[in-house]
Structures are given as C-alpha cells and as structure tokens.
Amino acid sequence: MVDPSQEYALMEEREELMVSLVDEQVMPIFRVAHFLKPTIPSAPKLPFLPSRSKLCSSSLKVKFGGGVAYMRGWSKWVDKLKRLYQDTWKKAGIFEAILASTFKIHLHNDLIIVLAERWCVETNTFIFPWGEGTVTLEDMVVLGGFSILGRNVLRPVKTKECVEMERSLRELYKVVRARKTCVYHHAWMFVFPPKGSQNVHRDVIPIAIHLSRGNSMALAPAVLASIYRDLNLLNQLIVSSSKHTEHSSNSRCVEDESELILRSPLHSVQLWAWERSPGLQPKPGVIYCGEPRVARWHKVKKLERVDPRCEIDSAAEWFLWRPYAIDTVKNRDIDKFYKGGIWDQIWEEKS
C-alpha cells in the first residue's frame, strides 16, 4: 500500500543504476539517488548520458538574448505607475512579474552552459551524478512572478471593443514598421521575449489587451515552455560542437554555422541553481518588505575561482530540493505560497 504522505511527493528516493560522470571507465553501479516523479525503473539501455565537454560560452556561437534588459529609470517608472495601476496589475496576475523586472541579474553564461550539458531533451530534466532535477512552475511563480492561473496566452480577444482595439494597434504596428522603425514598449517586454532585443512583436498585442483589462493570463506555463525549448536547443548545440571539436584540428565551433540566439529568460535557470546550490551561491542581498524573492540577486555577481562543473557534480549532500519552502529568507512571506496560499488555490481549482 502506498504511503499517503508520499503519494503527492514531487520526488522519490530509490536505488537505481547510475552512471559516473567523473570516470568514464567506471561501469554503471546501483546506488541510492533522488528522482522527480513520474519516473520509470532502470532500463537495459541507458537513454541519456550527459555531455562531458569542457566548453564555455566564449567557445560556442550562442547569444543569450532573453529576459528583460535592465534599463535606467525603469524602476522609477514602475514606482510611478504602481500607484495608479497596481490594482489592475494584481487582478491580471502580473504585479509580481512587473516588480521582478525592476531588478538586474548578472548573467552567469558558463553556469547555464554547464547545466545545459546535463539537460536531457527526452525528460526536460537535468541529469546529475547523484539524481535528477529541473526548473518547474514553482520557479516561474517565485522567481519570475508569473501567474500559473488564468487564460491561455493564445486566447484571442472576443469583445467588440477589444477586437477593434487589436485591429487599430495592428494597423499602427504596420505603419511604424513600414517606416523601418522598431516598436519599443518596455512595459510589455516581460510578457514574452520579443524577436528583437528590445522590440515588441505583434503577437503579444492580444495578451497586452487582456492584461490591460485585468484579465489574468497563465504566463508561467508559457515562459517555462520557452525555457525548456531553449535548453533543448542549447544542449543540441553543445553536443554538435563537442563532436566537431573531437574531429577537428582546432577547438573552435563550426564557422559556417549561424549564431544561436536564445530568447527565453534563461537567467531563471541560473537563479534555480543559485537557490539550491550553496557551493555556487554568491552572497545574496537583503530583501526589503514587499520586494519579490528575486531582489536578493539584484546586481549580485558570480563567485570567482569556482568550477561550476565540479560544484554541481558533487552537490549531492547539500543540494536544496525545496529552497522556497524553507523560511530562511528574511521579509519573505512563505505562507503566501505554501500554507493556504497559491498552491492550495491551484489544488482547489484542479479539484
């Protein structure tokens, strides 16, 4: 009989056939490890082996163009509008996301590369020597402030007023683009990574209309899907670049390949690792009352002289599986998320 306390657990501990990432000559052995549910038992054929490449971001033709660019004056602009529109933002479920966009995150490209080496495209999880983990909707809510609940982001506008508004905005968009001018509107950049570094794409117009009406949109699943997509692409690039390095006289990537531009907020993957891995974690800042959790990483720089590969592969003993549920961060109301908060609300709606 299944233990009721384990029925809804996100993770299970069991003995399985594990592969060593330290020594390629060592045969797979049975050992205790942690696995995200749902899982499958050991199979005769090992479906995935993490890359053992030693590539860094400078040796890959990749550009991390996602997320929100930190802009001078942006925080003041948000503070000014917050007094007028915070009720609408909260109703639409974007209040936390807007606040999170006011903090600058220094991107640790090499850490993201290391994590992507261990990414399994079949399961959308990181495969470590000691277990398995991944970025989840929980991270999108806590770190990004995105809403899990609400309407599908692909839902079109339907009311006569909103349809007319969309038509007018699309016409205006065409006029501006015809003048070969970029459409800038930083207020909506956090919704979806645009196709230009700071340009707004016309596909976000219906989303913007919904949000301006206070209609909640389920942004978290869409953002998480974009992160999974880009981790898949980055992993494929790493594998192909590693194969090229092994069969080439030089260690550079293939010169005739175009640069891979990743547009999802991959800084969330970096923060996922910082939150769970004390060995990688720089000293976080102080969170003041009312600030989102991401504020603790505002302008914080990576640790120097720390090998992210070694730290991650040896993190079995100190890896934090549920960092947000631990009440160790001052001025954070964990009850908002875990004790009668958003997760209970999600469970009630699903029931």
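Residues numbered from 1 in each chain as written. Predicted model: local features only at pLDDT ≥ 70, side-chain atom pairs only at ≥ 80, totals over all residues. Heavy atoms only, no water.

Asker: So what exactly am I meant to see when it comes to the pattern of salt bridges here?
Answerer: A side chain of one charge can pair with a side chain of the opposite charge if their charged atoms are brought near each other. On inspection of all chains with the given rule, the structure shows 14 salt bridges. For Glu12, the salt bridge goes to Arg14, with nearest N and O atoms at 2.6 Å. By relative accessible area, Glu12 is classed as partly exposed at 25%. The buried category is assigned to Arg14, whose relative accessible area is 17%. Here Arg229 ties to Asp230 by a salt bridge, and the two come within 3.0 Å at their closest N and O atoms. You can call Arg229 partly exposed: its relative accessible area is 43%. Residue classification places Asp230 among the buried residues on the basis of a relative accessible area of 2%. One network of salt bridges, in which partners are shared, links Glu117, Arg118, Arg309 and Asp313. (Salt bridge = Lys/Arg side-chain N within 4 Å of Asp/Glu carboxyl O. Buried < 20%, exposed > 50% of the residue type's maximum accessible area, 1.4 Å probe, protein only.)

Asker: Quick question: what am I supposed to make of a nonpolar patch on the surface here?
Answerer: The grouping of Leu169, Leu172 and Val175 at the surface amounts to a nonpolar patch, some 240 Å² of accessible area in total. Position of Leu172 among the secondary structure elements: in helix H6 (residues 160-178). (Patch = residues over 30% accessible without salt bridge, like charges linked within 9 Å, V, L, I, M, F, W, Y side chains within 5 Å. Areas by Shrake-Rupley, 256 points an atom, 1.4 Å probe, with all protein chains shown as cover. Helix = DSSP H or I, 4+ residues; strand = E, 2+ residues; numbered from the N terminus.)

Asker: Any chance you could explain the packing of aromatic side chains here in plain terms?
Answerer: Aromatic rings considered in pairs are described by the distance between their centres and by the relative angle of their planes. This structure, assessed with the given rule, holds 11 aromatic pairs. Ring centres 4.7 Å apart and planes at 10° place the aromatic pair Phe128 and Trp130 in the stacked group. The exposure class of Phe128 is buried, given its relative accessible area of 3%. Residue class for Trp130 comes out buried when judged on its relative accessible area of 4%. Relative to Trp297, the ring of Trp274 has its centre 5.2 Å away and its plane inclined at 55°; by these criteria the two rings are tilted. Of this pair, Trp274 sits in helix H9 (residues 267-276) while Trp297 sits in the loop between H9 and helix H10 (308-313), placing them 23 residues apart in sequence. On the basis of relative accessible area, Trp274 is assigned to the buried category, the value being 0%. (Phe/Tyr/Trp six-rings, centres within 6.5 Å; stacked < 30°, edge-to-face > 60°.)

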